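Listed below, chain by chain, are the residues.
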Amino acid sequence: MASGIIFNIQRYSIHDGPGIRTTVFLKGCPLNCWWCHNPESQNIHQEIVFWPDRCLNCGDCLKACAKKALTIRNDAFFTDKSKCELCASCVKACFTEARELIGKQISTEEAMEEIKKDIIFYDQSGGGVTFSGGEPLMQGRFLQELLLACQKEYIHTTVDTSGYAPWEVLKGISKLTNLFLYDIKLIDERKHIKFTGVSNRLVLDNLQRLTEEKMKIIIRVPIIPHINDDADNILQTGRLMQSLGLKEINLLPYHGTAASKYERRAETYPLKNQGTPSEDKMQDISSLLTDLGLNVKVGG
Amino acid sequence: MKERVAKLRKESLETVPSISLERARLVTEAYKMYEGKVSVPVLRALTFKYLMENKTICINEGELIVGERGPSPQATPTYPELCCHSLEDMEVMHSRETISFFVNEEAKKIQEEVIIPHWKGKSMRDLLLNSMTDQWKDCYAAGIFTEFMEQRSPGHTVADDKIYQKGLIDLMQDIVKSIKGLDFFNDTYAYEKQEELNAMLICADAVLTFARRHAEKAAEMAELETDPIRKKELEEIAEICERVPARKPTTFREALQMYWFIHLGVITELNTWDSFCPGKLDQHLYPFYKADMAQGILSPEGAKELLQCFWVKFNNQPAPPKVGITLEESGTYTDFCNINIGGLKPDGTDGVNELSYMLLEIINEMRILQPSTNIQVSRKNPDKFIQKASEVIRKGLGQPSVFNTDAVIEELLRQGKSIEDARCGGISGCVETGAFGKEAYILTGYFNLVKVLEITLYNGMDPRTGKLIGIQTGNPRYFTSFEQLMDAFKEQLKHFIDIKIQGNNIIEKLYALHMPSPFLSIIISDCIEKGKDYHDGGARYNTNYIQGVGIGSITDSLSAFKYHVFEEKTLTMDELFTALEDDFKGNEKIRQLLLNLTPKYGNDNDYADNIMQTVFDAFYAEVNGRKNMKGGVYRINMLPTTCHVYFGSVIGATPDGRKNGDVLSEGISPVQGADRKGPTAVIKSAAKMDHLRTGGTLLNQKFTPQVLEGNEGLIKLTHLIRSYFKLDGHHIQFNVISAETLRNAQAEPEKYRDLIVRVAGYSDYFRNLNKKLQDEIIARTEHDSM
């Protein structure tokens with residue numbers, strides 16, 4: 001049986017597909033979007049983060065670190081990543097949960113156990129499971145097995161993807177997936193490379209192939225001010241959808257809640273000072289797309 | 001909202017609750033005239049008659065439904081035969097920060113010169129406390145349990161449909177028939193029955209007099225009235241009061257007035273806990289509504305206006321003043337009249353009708369404290385009904401709460417009620433299941449499960465006083481297994497439940513002997529047929545309840561022992577005891593361990609949830625099926641009103657990480673902040689309790705408004721409710737408000753005077769809650785889904 005690495009299983013997830021859902025967040029992503037609101041999802045390996053507000057400064061974590069990777073420098077904790085073996089002794093020693101191990105190796109069976117807990121809510125609401133990330137397709141075999149297991153339990157499945165994966169991987173899961181939430185971040189290839197780190201050719205090719213397979217797809221566009229909220233990009237996205245015969249589009253306005261996540265990881269957030277798009281702006285974008293005959297929804 | 005209603009509503013909201021000694025004075029005069037000369041039921045009836053004949057009749061300007069309990073709106077009577085307040089009590093009522101009552105100098109004078117001299121040492125409260133053992137008193141003082149009948153009389157009951165089918169004259173004929181059937185040759189209780197039935201006759205007649213006095217007053221006012229419209233209204237009022245409650249109502253308006261006179265009768269006769277309630281109002285009124293509409297004498301707008309006038313009447317009657325522990329366990333003006341909307345008809349079909357939706361609109365428009373409201377949800381009811389109710393819930397009014405009517409019916413059937421009686425039943429008070437119009441289901445007091453654990457941890461001693469009030473079940477520091485601890489807890493539980501029930505059984509007899517309620521007995525089946533009082537087993541069904549409090553706190557505390565001390569050995573007994581005794585001072589690390597790294601109830605985690613089931617089963621096994629004195633049995637329910645605050649204040653630090661004196665978990669909700677996996681996990685955990693073996697459970701969920709935004713938010717809330725009910729959940733209520741709003745309201749209460757929040761089984765004005773309770777509501781987990 002396959003296993004994979006996840007960073008969260010969120011129950012009562014009500015914005016990632018129909019009904020009441022459980023969202024399984026798989027860790028690891030081939031993209032590196034500037035606005036990423038789940039920085040803990042990018043790396044496919046485990047990592048340890050630190051919540052300064054919770055720390056009582058008891059020093060138990062320092063004592064617990066056998067490799068002496070954790071030290072105090074300038075009155076603050078410092079982790080020497082070259083020495084840290086991610087044994088998580090410091091996490092176990094911390095009673096306040098100030099040190100948290102992100103990423104859990106989990107078997108299909110374990111994941112299913114958690115997923116099955118809310119079946120009564122899925123049945124009632126027409127909900128199910130959403131596999132998100134990171135990029136779930138990065139762990140294709142694991143994802144495939146999870147989807148198969150869900151199918152056996154008659155659980156509705158949704159895959160929330162950037163579309164950035166070899167077609168073979170996508171094809172391998174497409175028939176097991178009831179619904180795709182498919183991201184189109186930018187149509188312009190140069191901009192796509194600049195802001196996500198990769199070209200969008202594969203993304204757009206895969207989208208075309210999926211539509212040829214007659215899969216049920218909802219397009220999702222994160223709206224990031226000054227990056228992809230210009231009329232050009234919006235219209236091009238809409239026209240692409242028209243040409244592929246796609247109708248449903250969700251707009252996800254950028255929100256700045258991730259800033260503290262970057263702090264916890266001792267990283268800088270490229271969009272630290274970015275504001276959220278105004279309601280008027282969202283309304284304008286919605287109108288542009290509605291005029292093209294698309295069903296627009298703001299939020300998931 | 002029509003101008004008339006807006007005015008009446010405003011007056012009701014702005015009038016300061018005050019104490020009226022009119023009732024106390026009249027009762028005292030009546031006792032002086034009759035006591036010792038007639039049997040006790042007849043004494044009570046003659047007292048009631050004297051009240052009905054002499055109390056001030058009040059018809060407020062513009063109102064369509066008439067009658068006040070006091071001489072004017074918000075003027076609240078006292079019941080010296082139940083509880084004789086000291087002058088100091090009166091001072092406290094007047095000056096306390098919350099739930100205060102204005103007491104004028106004249107009232108104090110009457111209390112001092114007339115009421116206290118007659119009632120001091122003679123009230124039920126004195127009689128009751130004098131009848132209790134020292135052991136009972138020690139437990140009561142320690143906060144092991146509370147006693148509902150200490151200041152209020154038993155009265156947990158609700159109207160069924162009989163008052164819409166029979167007038168008081170019809171009921172008097174039934175009483176006469178029962179008197180004629182008495183067998184003085186063979187029935188050893190014939191005399192008692194005769195006295196009770198005679199008392200009922202006097203009471204029924206007294207209410208007829210009371211109604212007639214309203215008719216006369218209205219006619220007088222009509223004569224003097226210059227506004228032709230109001231003149232006509234007053235004439236109509238006079239006509240209606242001539243007809244009901246003497247005869248059965250024939251119109252929608254008469255039906256409302258009929259109920260209101262009966263309601264006033266019940267709450268004037270005694271201070272029943274809870275106050276009376278119309279129960280399934282939408283279903284009772286629907287035939288009248290349909291008939292009036294067909295005849296063209298009523299429009300939907302007209303019906304709504306009448307209902308809104310009716311609503312104001314409830315709000316004009318605050319719960320009579322409470323003092324001491326009774327105030328602590330139920331610190332509110334609300335008197336727990338809880339109207340049931342929707343549910344099933346007696347034949348088991350969908351009971352939702354046009355009036356159900358109209359009542360939801362009224363809740364939304366009126367936004368007043370009383371009456372409380374709930375929706376009864378059956379799998380047979382349409383989703384539209386829940387969604388319409390959710391629209392109101394989303395406004396953050398704390399109303400209506402939501403009940404699983406299919407579970408309520410199953411609970412009643414399990415208790416041996418007939419299927420029709422079960423379907424005509426519902427809930428009252430906070431969440432309590434009952435067969436409306438046919439059952440005396442008496443809540444006898446809250447029971448502090450967590451305190452029993454604390455006493456167990458100290459080998460029978462109360463650590464706050466050093467008194468040995470429990471039994472010696474061993475020093476837990478030497479226990480070697482979790483089972484040993486549980487066994488000790490169960491022994492203590494039996495000990496304290498024994499004390500509580502022994503006391504209850506005496507109190508029940510005291511009420512049967514000294515404080516019958518012949519008027520209430522007229523309208524509860526089968527008191528007339530049996531010739532027996534409601535307090536003496538006259539009702540068709542007789543159930544007593546003990547309400548368990550703190551299931552979340554005790555579960556998490558036991559989980560900490562099991563996990564950290566006996567299994568993982570992260571802590572030794574000594575380390576844990578030291579931390580608790582020091583109230584975690586200098587031991588914040590241990591507190592964090594207990595808070596963060598312990599399996600907790602409310603997360604759909606079997607480890608903790610199994611402990612909850614074990615505690616629930618132990619409580620159930622100890623109480624359920626024990627005999628009461630009315631031929632019925634004891635059962636349990638799980639609700640706290642505001643008692644989780646008081647019960648927390650008598651308990652030191654607990655192993656769930658709770659500090660000395662902090663609140664306990666409320667109802668069957670998880671400990672505040674312990675649930676971290678969202679509402680579906682809370683629901684799954686809560687549903688692992690076997691609700692069908694209770695007479696009511698209370699689950700509180702707090703949502704910020706964002707979660708419920710849009711049509712989709714309503715649909716998802718509906719699914720959440722349906723799912724919980726599929727799992728046999730009994731009740732769920734929603735506080736929809738942001739923590740920020742609440743903090744603002746705490747800082748500047750004057751700006752948030754209308755802010756109503758769901759407390760626990762009822763809603764209250766946020767500004768009327770004490771700070772601890774306010775803090776607790778703020779702290780309740782916000783399930784704001786990211």
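This one's a predicted model, so the numbers in the text were calculated from it and none came from an experiment.

S.K.: Go over the overall build of chain B, please, and point to the residues and values.
M.R.: Secondary structure summary: chain B contains 32 helices and 18 strands in total. A globule of 786 residues ought to have a C-alpha radius of gyration of about 28 Å, and chain B, at 26 Å, matches this closely. For chain B, the spread of C-alpha atoms along the principal axes amounts to about 85 × 60 × 55 Å. For chain B, the residues scored as buried account for 60% of the 786 residues in total. If you take every contact in chain B between residues at least 6 apart in sequence, the share linking residues at least 24 apart comes to 78%.

S.K.: Residue-level account of the overall build of chain A, with values.
M.R.: Scanning chain A from N- to C-terminus turns up 11 helices and 13 strands. With the C-alpha coordinates of chain A rotated into their principal frame, the extents come out at 60 × 45 × 35 Å. Taking all 300 residues of chain A together, 41% fall into the buried category. Nonlocal contacts in chain A, meaning residues at least 24 apart in sequence, comprise 73% of its contacts between residues at least 6 apart.

S.K.: Before we move on, could you go through the domain arrangement of chain A and cite the residues and values that matter?
M.R.: All names here are of chain A. The domain architecture assigned to chain A consists of domain 1 (3-44 + 104-298) and domain 2 (49-102). Between domain 1 and domain 2, the C-alpha centre-to-centre distance is 33 Å. Contact residues are listed per partner, giving four residues for domain 1 and four residues for domain 2. Residue classes in the side of domain 1 that touches domain 2 are distributed as one nonpolar, no polar and three charged.

S.K.: Lay out the pairing of strand β7 (residues 401-404) of chain B in plain terms, naming residues and giving numbers.
M.R.: Residue and element names in this part refer to chain B. Taking every second residue as pointing to the same face, both faces of β7 are buried, with S401 and F403 on one and V402 and N404 on the other. Looking at chain direction, strand β6 (residues 372-377) and β7 are connected through four bridges and run parallel. Bridge pairing in β7 places I375 opposite V402. Bridge analysis of β7 against strand β16 (residues 731-736) gives two bridges, and the strand direction is antiparallel. Each residue of the ladder has a partner; that of V402, found in β16, is I732.

S.K.: Account for the interface of chain A and chain B, with residues named and values stated.
M.R.: Taken together, the contact between chain A and chain B spans 17 residues of the former and 20 residues of the latter. Elements supplying a minimum of two residues to the side of chain A that touches chain B: β1 (3-13) and α4 (119-125) of chain A. Sort the elements by how many residues they give to the side of chain A that touches chain B and α4(A) lands first, with four residues.

S.K.: I'd like a rundown of the nonpolar core, residues and numbers included.
M.R.: Counting residues in hydrophobic clusters, the biggest one holds 242 residues, and the most contacted among them are B:C203 and B:L449. Once residues lying within four places of it in the same chain are set aside, the contact partners of B:C203 are B:A45, B:F48, B:P518, B:F519 and B:I522. Formed by 63 residues, the second largest nonpolar core is a distinct cluster that contains A:I20, A:A149, A:A165 and A:L246.

S.K.: Describe in detail the sheet that holds strand β8 (residues 128-132) of chain A, supporting the description with residues and values.
M.R.: Residues and elements named next belong to chain A. Across the sheet, which stays open at both edges, the nine strands sit in the order β7-β1-β2-β8-β9-β10-β11-β12-β13 with mixed pairing between neighbours. Each edge of the sheet is formed by a strand with only one pairing partner; in this case those strands are β7 (104-107) and β13 (295-298). With strand direction ignored, the average angle separating the axes of adjacent strands in the sheet is 30°. As paired strands, strand β11 (residues 217-223) and strand β12 (residues 248-253) are joined by five bridges and run parallel to one another. Looking at β12, one finds that P222 is bridged to L252. Of the strands in this sheet, β1, β2 (21-26), β8 and β9 (156-161) are in contact with helix α5 (residues 140-152), which crosses β8 at around 175°.

S.K.: Tell me about the pairing of β2(A), residues and numbers included.
M.R.: Residue and element names in this part refer to chain A. The buried fraction of β2 is high, at six of six residues. Examined bridge by bridge, β1 and β2 share five bridges and lie antiparallel to one another. Within the sheet, the bridge partner assigned to N8 lies in β2 and is F25. In terms of strand pairing, β2 meets β8 through five bridges, oriented parallel. Bridge assignment links T23 to a residue of β8, and that residue is T130.

S.K.: Please give an account of the packing of helix α2 (residues 22-34) of chain B against helix α3 (residues 40-54) of chain B that cites residues and values.
M.R.: When two helices pack together, their arrangement is given by the angle between their axes and by how far apart the axes lie. Residues and elements named next belong to chain B. Running from amino to carboxyl end, α2 crosses α3 at an angle of 135°, the nearest separation of the two axes being 9 Å. Classified by the angle their axes make, α2 and α3 are oblique. The two elements α2 and α3 meet at a crossing, and its hand is right-handed. Residue-level contacts link R23, L26, V27, E29, A30, Y31 and Y34 of α2 to L43, L46, T47, Y50, L51 and N54 of α3.

S.K.: Report on α2(B), specifying residues and quantitative values.
M.R.: Residues and elements named next belong to chain B. Helix length check: α2 (13 residues) gives 18 Å between terminal C-alpha atoms against 18 Å at 1.5 Å per residue, within 8%. Looking at α2, one finds that the buried residues are R23, A24, V27, T28, A30 and Y31. Along the axis of α2, the buried residues cluster in a sector spanning 165°; they form a single face. A positive backbone phi angle near 85° is found at G36, which sits one or two residues after α2.

S.K.: Can you break down helix α29 (residues 679-687) of chain B residue by residue, with the values?
M.R.: Of all nine residues in α29(B), nine are buried; the element is thus mostly enclosed. Within α29(B), the full set of buried residues consists of B:P679, B:T680, B:A681, B:V682, B:I683, B:K684, B:S685, B:A686 and B:A687. Of the surrounding elements, those touching the buried residues of α29(B) are β1 and α4 of chain A together with α27 (606-623), β15 (700-703) and α30 (710-726) of chain B.

S.K.: Quick one: what's the story with the sheet that holds strand β5 (residues 338-342) of chain B, residue by residue and with numbers?
M.R.: Residue and element names in this part refer to chain B. Across the sheet, which stays open at both edges, the five strands sit in the order β5-β6-β7-β16-β15 with mixed pairing between neighbours. At either end of the open sheet lies a strand with only one pairing partner, and these are β5 and β15. This sheet shows a mean twist of 30° between the axes of neighbouring strands, independent of strand direction.

What counts and what doesn't
- Residues numbered from 1 in each chain as written.
- Chains lettered and ligands numbered in written order.
- Predicted model: local features only at pLDDT ≥ 70, side-chain atom pairs only at ≥ 80, totals over all residues.
- Helix = DSSP H or I, 4+ residues; strand = E, 2+ residues; numbered from the N terminus.
- Rg over C-alpha atoms; globule rule 2.2 N^0.38 Å.
- Buried ≥ 20, exposed ≤ 12 C-beta atoms within 10 Å, placed from the backbone.
- Contact = placed C-beta atoms within 7 Å.
- Domains from an automatic or database assignment.
- Nonpolar A, V, L, I, M, F, W, Y, C, P; charged D, E, K, R; others polar.
- Pairing = 2+ DSSP bridges.
- Core = buried A, V, L, I, M, F, W, Y, C linked by C-beta atoms within 7 Å.
- Axes fitted to C-alpha atoms, helices over the stretch in contact; angles between N-to-C directions.
- Parallel < 35°, antiparallel > 145°, perpendicular 65-115°, else oblique.
- Left-handed = near helix turned anticlockwise from the far one by under 90°.
- Expected span 1.5 Å × (residues − 1).
- Arc of directions from axis to C-beta.

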